[in-house]
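Residue strings, one per chain:
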Amino acid sequence: REWEEENQRWVQEVSSAPSTRLDVVRLQEQLDLRLQQRQARETGICPVRRELYSQCFDELIRETTINCAERGLLLLRVRDEIQMTIAAYQTLYESSVAFGMRKALQAEQDKSDMEKRIAELEEEKRELERQVSEQKDKCEAIEKRGNERRQIEEKKHTEEVQFLKRMNQQLKVSKKTAVPNS
């Protein structure tokens, strides 16, 4: 690795010397220090923590590869598989979040459509209730007029019957007076 610091060019080269217990302890201390410095979260998903642990794992692979190349290559395969699995989980997570957002938006749209439909149906209900009320009023008015007509007809009929009875009575009386006891 190469970098510049304070107008000086630095080059870091990989050591081929086997690691000691002291190197592993220093690596662990350096990991803990960097986790604190970069304020990595202790739980949950944290890209900073993931990056630091990945660097630490790469260093452990390097150190193991110096002692046993086959073990180092196997650890590389394990690391690559873990990274692919994490990438797949990340893709799955992102697609599920997108799916959830689509469903939430659809539910919100469906809710507003349903509220609009409810308002329309309530208005239609009020209109139908108004029409029912009008028809009831018309029906009552027709019944009232019908009752009034029937009462008038009954009164006329009664008067006519009374008139005819009186006429009949008068005719009987005038017949008796016109024709003496026969």
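Provided above is the structure to which this section pertains.
Residues numbered from 1 in each chain as written. Predicted model: local features only at pLDDT ≥ 70, side-chain atom pairs only at ≥ 80, totals over all residues. Heavy atoms only, no water.

S.K.: So what's going on with the overall build of the protein chain? Residues and values would help.
M.R.: When its secondary structure is counted, the protein chain shows three helices and two strands. Shown N-terminal to C-terminal, the secondary structure of the protein chain runs as helices and strands in the order β-β-α-α-α. Computed over its C-alpha atoms, the radius of gyration of the protein chain comes to 53 Å, more than 25% above the 16 Å expected for a compact globule of 182 residues. With 182 residues in all, the protein chain has 7% of them scored as buried. For the protein chain, the share of sequence-separated contacts (at least 6 apart) that also reach a separation of at least 24 residues comes to 31%. Across the protein chain, the centroid of the 34 positively charged side chains sits 15 Å from that of the 36 negatively charged ones. (Helix = DSSP H or I, 4+ residues; strand = E, 2+ residues; numbered from the N terminus. Rg over C-alpha atoms; globule rule 2.2 N^0.38 Å. Buried < 20%, exposed > 50% of the residue type's maximum accessible area, 1.4 Å probe, protein only. Contact = heavy atoms within 4.5 Å. Lys, Arg positive; Asp, Glu negative; His and termini not counted. Charge placed at Lys NZ, Arg CZ, Asp CG, Glu CD.)

S.K.: Before we move on, could you go through the environment of serine 16 and cite the residues and values that matter?
M.R.: With respect to the secondary-structure elements, serine 16 resides in the loop between β2 (8–11) and α1 (21–37). The exposed category is assigned to serine 16, whose relative accessible area is 62%.

S.K.: Please give an account of the pairing of β2 that cites residues and values.
M.R.: As paired elements, strand β1 (residues 2–5) and β2 share four bridges and run antiparallel to each other. Residue pairing across strands places glutamate 2 opposite valine 11, the latter belonging to β2. (Pairing = 2+ DSSP bridges.)

S.K.: If you had to explain the packing of α1 against helix α2 (residues 47–67) to someone new, which residues and values would you point to?
M.R.: Running from amino to carboxyl end, α1 crosses α2 at an angle of 170°, the nearest separation of the two axes being 10 Å. The orientation of α1 relative to α2 falls into the category roughly antiparallel. Seen along the crossing, α1 lies across α2 with a hand that is right-handed. Across the interface between the two elements, Val24, Leu27, Leu31, Arg34 and Leu35 from α1 touch Arg49, Leu52, Tyr53, Gln55, Cys56, Glu59, Leu60 and Glu63 from α2. By residue class, the composition of the contact of α1 with α2 is eight nonpolar, one polar and four charged. (Axes fitted to C-alpha atoms, helices over the stretch in contact; angles between N-to-C directions. Parallel < 35°, antiparallel > 145°, perpendicular 65-115°, else oblique. Left-handed = near helix turned anticlockwise from the far one by under 90°. Nonpolar A, V, L, I, M, F, W, Y, C, P; charged D, E, K, R; others polar.)

S.K.: Talk me through unusual backbone geometry; I want residue IDs and the actual numbers.
M.R.: Positive phi is not limited to glycine here, since asparagine 7 has a value of about 60°. The residue asparagine 7 is located in the loop between β1 and β2 in this model. The class for asparagine 7 is exposed, based on a relative accessible area of 80%. Positive phi is not limited to glycine here, since glutamine 39 has a value of about 55°. As for its position among the elements, glutamine 39 is in the loop between α1 and α2.

S.K.: I'd love a proper account of the nonpolar core, names of residues and values included.
M.R.: Among the nonpolar cores identified, the biggest contains seven residues, and these are Leu27, Leu31, Leu35, Ala40, Cys46, Leu52 and Cys56. Going through the elements one at a time, α1 and α2 are the ones with two or more residues in this core. Looking at this core element by element, the count peaks at three residues for α1. Residue contacts for cysteine 56: discarding those within four places in its chain leaves Leu27 and Leu31. (Core = buried A, V, L, I, M, F, W, Y, C linked by side-chain atoms within 4.5 Å.)

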